[in-house]
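Residue-level structural notes
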Amino acid sequence: MMNCHDATFLLSQRRERTLTFSERMKLRLHVGMCRGCTNFERQLPRLGDAAKAYATNSEDKDV
Amino acid sequence: MAQSASPEIAFAAADPAFLARVRIDMLRFARLQLGHDDEAEDAVQEALAGALKNAANFRGEAALKTWIIAILKNKVADVLRQRQRRPTPVSQMQTLDQEGALPALFDRKGMWRDADRPARWEDPEADLHSSQFLAVFDACLNRLPPQQGRVFMMREVVELGTQEICAELGLSISNVHVILHRARLALRACLQLHWFHEGA
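Below is a summary of the structure that appears in this document. The structure displayed is predicted, hence computed values, not measured ones.

What about the overall build of chain B?
A count of helical and extended segments in chain B gives eight helices and zero strands. Listing the helices and strands of chain B from first to last along the sequence gives α-α-α-α-α-α-α-α. Burial status across chain B gives 48% buried among its 200 residues. Summarising the internal contacts of chain B: among those between residues at least 6 apart in sequence, 69% fall at separations of at least 24. When the accessible surface of chain B is split by element, carbon and sulfur atoms take 53% of a total near 10100 Å².

Take a look at the structure:
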């Protein structure tokens, strides 16, 4: 059974590459039973949105 | 500034304050990605000049700004692609303990520690552009090891592919995956602690 570290690693990689069938199966099994990883999965796209908002928003702060 | 002469920019030139503000954002973005001030300045200048040619087509500053930033993103991506700078020597990089030590968020079996298990976030959509949120994000991003922050922004904001990031920084694909994983774990944890936690 996959642990949370490996599950989040796959969830992260899924934003960069297509997972293999077996990776997807193992991931589903784990995430289906793990609330922490479910939340992590939901929050990943929001990190991207936040980064975009950060890069394009008007804050008169310098680098 | 280079773009001052062209007649098409009557619309945008109407509000120099707006342009000045956009320019600051652009520079911040370009510096973060390119590192060098000169290259960042050039990219911003070119992007502005290019974007403002079509400025008359945009109603409203928000749309214009989105357009300008999109052009800048492409410029930055071009510069990064073209740069054949030999990347950070491996010796200078922080060692990536690939399989060895787990990030502290996990216990020895690789399961979330109780305190670090991701909690639900209340709907944060509306907040992403608030200055308080951006300040928190800024602090969290700056807390990452510099390379992690840079790779994360290259990926999520400039939207470079893994290959392109590898070529730019001289990392292997698996390095990039590990770095992005670490960056996301750390950012997420920091945002939860300082923004989404609400003391509950």
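Things to note about the interface of chain B and chain A
Facing 49 residues of chain B, the contacting portion of chain A comprises 36 residues. By the criterion of area lost to chain A, the three top residues of chain B are B:R28, B:H181 and B:R184, representing 17% of everything that side buries. Put simply, chain B and chain A have four salt bridges between them. Scanning the region where chain B abuts chain A turns up 16 residue pairs in polar contact (both at pLDDT 80 or more). Elements represented by at least two residues in the side of chain B that touches chain A include exactly α2 (16–34), α4 (61–82), α5 (131–143), α6 (146–156) and α8 (173–196) of chain B.

A look at the state of the cysteines
Counted according to the given criterion, the structure contains one disulfide over all chains. One disulfide in the model links B:C140 with B:C190; its S-S distance is 2.0 Å. On the sign convention where negative is left-handed, the bridge of B:C140 and B:C190, at about -80° about the S-S bond, is left-handed. Remark: B:C190 occurs in helix α8 and B:C140 occurs in helix α5; sequence separation between them is 50 residues. For B:C140, a relative accessible area of 2% puts it in the buried group. Of the residues examined, B:C190 reaches a relative accessible area of 7% and is grouped as buried. A:C37 forms no disulfide, and the closest cysteine sulfur to it belongs to A:C34, at a distance of 3.6 Å. A relative accessible area of 0% places A:C37 in the buried class.

Describing a nonpolar patch on the surface
Taken together, A:M1, A:L29 and A:M33 make up a surface patch of nonpolar side chains, about 410 Å² in accessible area. By the secondary structure assignment, A:M1 is in the segment before α1 (4–13).

Here we look at the nonpolar core
Of all hydrophobic cores here, the largest spans 76 residues; its most connected members are B:M26, B:W112, B:F133, B:F137, B:F152 and B:L191. It is α8(B) that provides the largest number of residues to this core, a total of ten residues. Looking at this core, you find at least three residues from each of domain 1 (7–82) and domain 2 (102–196) of chain B. Not counting residues up to four positions away in its chain, the partners in contact with B:F152 are A:L47, A:A51, B:F137, B:L141, B:V157, B:L180, B:A183, B:R184 and B:L187.

Focus: the pattern of salt bridges
Summed over all chains, the structure comprises 14 salt bridges over all chains. Taking the shortest distance from any N to any O, the salt bridge between A:R15 and B:E156 comes out at 2.9 Å. One end of the pair, A:R15, is in the loop between α1 and α2 (21–33); the other, B:E156, is in helix α6, on a second chain. For B:E159, the salt bridge is made with B:K73, and the minimal N-O distance between the two is 3.6 Å. Remark: B:K73 occurs in helix α4 and B:E159 occurs in the loop between α6 and α7 (162–169); sequence separation between them is 86 residues. In this structure B:E159 comes out as partly exposed when scored by relative accessible area, which is 43%.

Examining α1(A)
Counting buried residues along α1(A), nine of its ten residues qualify, which places the element largely inside the surrounding structure. Of all the residues in α1(A), the buried ones are A:C4, A:H5, A:A7, A:T8, A:F9, A:L10, A:L11, A:S12 and A:Q13. Lining the buried residues of α1(A) we find α2 and α3 (35–56) of chain A together with α8 of chain B. Where α1(A) begins, one side-chain oxygen reaches toward the backbone nitrogen of A:H5, 3.1 Å away; that side chain belongs to A:N3.

Conventions we followed
Along each chain, the written sequence defines residue order, and numbers are assigned to residues from 1. In the order they appear in the text, chains get letters beginning with A and ligands get numbers beginning with 1. This being a predicted model, a pLDDT of at least 70 is required before a residue's local features are given, and a value of 80 or more before pairs of side-chain atoms are given or counted; all residues contribute to the totals for chains, interfaces and linings. Excluded from the side-chain calculation are hydrogens and water; included are all heavy atoms of the structure. The helix and strand labels rest on DSSP assignments: H or I over at least four residues marks a helix, E over at least two residues marks a strand, and numbering proceeds from the N terminus. For each residue, the accessible area found with a 1.4 Å probe, counting protein chains only, is set against the maximum for its type, and the residue is called buried under 20%, exposed over 50%, and partly exposed in between. Contacts between residues were defined by any pair of non-hydrogen atoms, one from each residue, lying within 4.5 Å. Using a 1.4 Å probe, the Shrake-Rupley method yields the accessible areas, and only the shown protein chains count as cover for residues. Accessible area that two parts lose when put together, with a 1.4 Å probe and added across both, is what the buried area reports. Salt bridges, as used here, are contacts in which a Lys or Arg side-chain nitrogen is within 4 Å of a carboxyl oxygen on Asp or Glu. Between N or O atoms, a polar contact is any pair within 3.5 Å; within protein, one atom must be a potential hydrogen donor and the other a potential acceptor, and residues adjacent in sequence are included only when both atoms are from side chains. Defined by distance alone, a disulfide is two cysteine sulfur atoms within 2.5 Å. Residues enter patches when they are more than 30% accessible in relative terms and free of salt bridges; like-charged ones are connected within 9 Å and nonpolar ones (Val, Leu, Ile, Met, Phe, Trp, Tyr) within 5 Å. To qualify as a nonpolar core, a set must consist of buried Ala, Val, Leu, Ile, Met, Phe, Trp, Tyr and Cys residues joined through side-chain atoms within 4.5 Å. Domain segmentation is taken from an automatic or database assignment of domains.

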